[in-house]
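Residue strings, one per chain:
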Amino acid sequence: MIEPPEEVTPGRPAREDGRTPLVELADVSKYYGNIRALEGVSLEVHPGEITCVLGDNGAGKSTLIKIIAGLHQHDGGDLRIEGETAVLGSPREALDRGIATVYQDLAVVALMPVWRNFFLGSEPTKGKGPFRRLDVDFMRETTRAQLLRMGIDLRDVDQPIGTLSGGERQCVAIARAVYFGAKVLVLDEPTAALGVKQSGVVLKYVAAARDAGLGVVLITHNPHHAYLVGDRFVLLKRGAMAGSHAKDGIALDELIQQMAGGSELEELSHELARAPVPDHLGGHTADAE
């Protein structure tokens, strides 16, 4: 279990509860030429908590992921990792700092077995010199044990990962991040292409990662899924903050309304309301009643 740091980095104001976030974005902005992708976005990721980032297509969620994952560098504001200001130069650097990102496409090799995908890019070997070879037995046993630890009971870790359901593949990716020592797990729309049952399975393992002490960033456009597991909610709209709430400070209905546009949705409903039918077309007025 990852324990919150006891000391706050000198020069940084202490949080109200005395904790320093694993990852913190403070007024972060990103521009592509004259196009604003993000502006003034702030969020905190704490150990054992799930921070949900919600927004429609074009809200800036993908850009936010890329900044945290080290794919893109921010143009303004601060990115802090465990209290230290940082500029991530690559996904490998982010991973070395304990930030693992699971993208929607998962980047798996469909025809390779589950255990090979679990260790893809980090394969252990045994033997020396010309006798060095992959430690297949270790990878098989470790994959099986780590999946069981997360509550995932696969029939056979030798089966191609492409034969698993979308939810099961997401769960393998989550278990892999936990095994390789991630402190922060960023999940890009993990339930977007899944049905209700499979979405429930994935959310169960997202909660398991939280309970293992990780700080989780859940990117989603589904407020129902977010509210089931989330501790904090950050709403994005056209690259800007549209709201930031703790779970005990907002109800599901209000979260849905804010994400749907609130006053804009109400204005649209008035525009789409049926116009009264003229009398000569068979309409009638209240006076005629």
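Everything here concerns the structure above.
Calculation notes
- Numbers given for residues are sequential positions, taken from 1 along each chain in its written order.
- In keeping with the predicted nature of the model, local features appear solely for residues at pLDDT of at least 70, side-chain atom pairs appear and are counted solely at 80 or more, and the whole-chain, interface and lining totals rest on all residues.
- Only hydrogens and water are set aside when side-chain values are computed; all heavy atoms of the structure are taken into account.
- Note on ring pairs: Phe, Tyr and Trp rings are taken, using the six-membered ring of Trp, and paired if centres are within 6.5 Å. Classes follow the plane angle, with under 30 degrees stacked, over 60 edge-to-face and the rest tilted.
- Where helices and strands are cited, they refer to DSSP runs of H or I of at least four residues and of E of at least two residues respectively, numbered from the N terminus.
- Three labels apply to residues, based on accessible area from a 1.4 Å probe with only protein chains included: buried if under 20% of the type maximum, exposed if over 50%, partly exposed otherwise in between.
- In these notes, a set of buried Ala, Val, Leu, Ile, Met, Phe, Trp, Tyr and Cys residues joined through side-chain atoms within 4.5 Å is what counts as a nonpolar core.
- Contacts: residue pairs with any heavy atoms within 4.5 Å of one another.
- What counts as a salt bridge is simple: a side-chain nitrogen of Lys or Arg found within 4 Å of a carboxyl oxygen of Asp or Glu.
- Identification of polar contacts relies on pairs of N or O atoms within 3.5 Å, with a donor-acceptor requirement for protein atoms, meaning one able to donate a hydrogen and the other able to accept it, and with residues adjacent in sequence counted only if both atoms are side-chain atoms.
- The axes are straight lines fitted to the C-alpha atoms, using for helices just the contacting stretch, and the angles between their N-to-C directions are given from 0 to 180°.
- An angle below 35 degrees is read as roughly parallel, one above 145 as roughly antiparallel, one from 65 to 115 as roughly perpendicular, and any other as oblique.
- Residues are grouped as follows: Ala, Val, Leu, Ile, Met, Phe, Trp, Tyr, Cys and Pro are nonpolar; Asp, Glu, Lys and Arg are charged; all remaining types, including Gly, are polar.

Peer 1: Go over the packing of aromatic side chains with me, naming the residues and quoting the values.
Peer 2: In the structure shown here, the tally under the stated rule is eight aromatic pairs. The interplanar angle of 75° and the centroid separation of 5.8 Å between the aromatic rings of phenylalanine 119 and tyrosine 179 together place this pair among those described as edge-to-face. Here the residue phenylalanine 119 occupies a position in the loop between α3 (114-118) and β7 (125-126), and tyrosine 179 occupies one in helix α5 (residues 166-179), the gap between them amounting to 60 residues. A relative accessible area of 28% places tyrosine 179 in the partly exposed class. Ring centres 5.0 Å apart and planes at 80° place the aromatic pair tyrosine 179 and phenylalanine 180 in the edge-to-face group.

Peer 1: Lay out the nonpolar core in plain terms, naming residues and giving numbers.
Peer 2: Inside soluble globular proteins, nonpolar side chains tend to come together where they are buried. Grouped together as the largest cluster of nonpolar side chains are 44 residues, with contacts concentrated most on Val114, Leu147, Ile152, Ile174, Leu185, Leu187 and Phe233. The leading source of residues in this core is α5, at seven residues. Setting aside anything within four residues of it in sequence, one finds leucine 187 in contact with Val102, Ile174, Val206, Val216, Val217, Leu218 and Ile219.

Peer 1: Provide a residue-level description of the pattern of salt bridges, including the pertinent values.
Peer 2: Scanning the model with the defined rule gives 16 salt bridges in all. Residues glutamate 24 and arginine 80 are paired through a salt bridge, measuring 3.5 Å at the closest nitrogen-oxygen approach. On the criterion of sequence distance, the pair formed by glutamate 24 in strand β1 (residues 23-32) and arginine 80 in strand β4 (residues 76-81) is long-range, its members being 56 residues apart. Neither residue differs from the other here; glutamate 24 and arginine 80 are each classed as buried.

Peer 1: Just give me the short version of the pairing of strand β9 (residues 184-188), but keep the residues and values in it.
Peer 2: In terms of residue burial, β9 counts as a mostly covered element, since five of its five residues are buried. Neither face of β9 is left uncovered, since the one carrying Val184, Val186 and Asp188 and the one carrying Leu185 and Leu187 both have all their residues buried.

Peer 1: I'd like a rundown of the side chain of histidine 245, residues and numbers included.
Peer 2: Tracing the backbone shows histidine 245 in strand β12 (residues 240-246). Among the polar contacts made by the side chain of histidine 245, one reaches the side chain of glutamine 258 at a distance of 3.0 Å. Histidine 245 has contacts with Asp231, Arg232, Phe233, Leu235, Ile250 and Gln258, leaving out every residue within four places of it along the chain.

Peer 1: An account of the environment of phenylalanine 118 is requested, with residue identities and associated values reported.
Peer 2: Among the structural elements, phenylalanine 118 can be located in helix α3. By relative accessible area, phenylalanine 118 is classed as buried at 0%. Residues phenylalanine 118 and leucine 147, 29 residues apart in the sequence, show an inter-C-alpha distance of 9.9 Å. Sequence-distant contacts of phenylalanine 118, defined by excluding residues within four places in its chain, comprise Thr143, Gln146, Leu147, Val172, Ala175, Arg176, Tyr179 and Phe180.

Peer 1: Can you explain the packing of α5 against helix α6 (residues 196-211)? Please cite residues and give values.
Peer 2: For any two helices packed against each other, the geometry is given by the interaxial angle and the distance between the axes. The interhelical angle for the contact between α5 and α6, taken along N-to-C directions, is 10°, at an axis separation of 9 Å. In terms of orientation, α5 and α6 fall into the roughly parallel class. Along the contact surface, α5 presents Gly167, Glu168, Gln170, Cys171, Ile174 and Val178, while α6 presents Gln198, Val201, Val202, Tyr205, Val206 and Ala209. Partitioning the contact of α5 with α6 into residue classes produces eight nonpolar, three polar and one charged.

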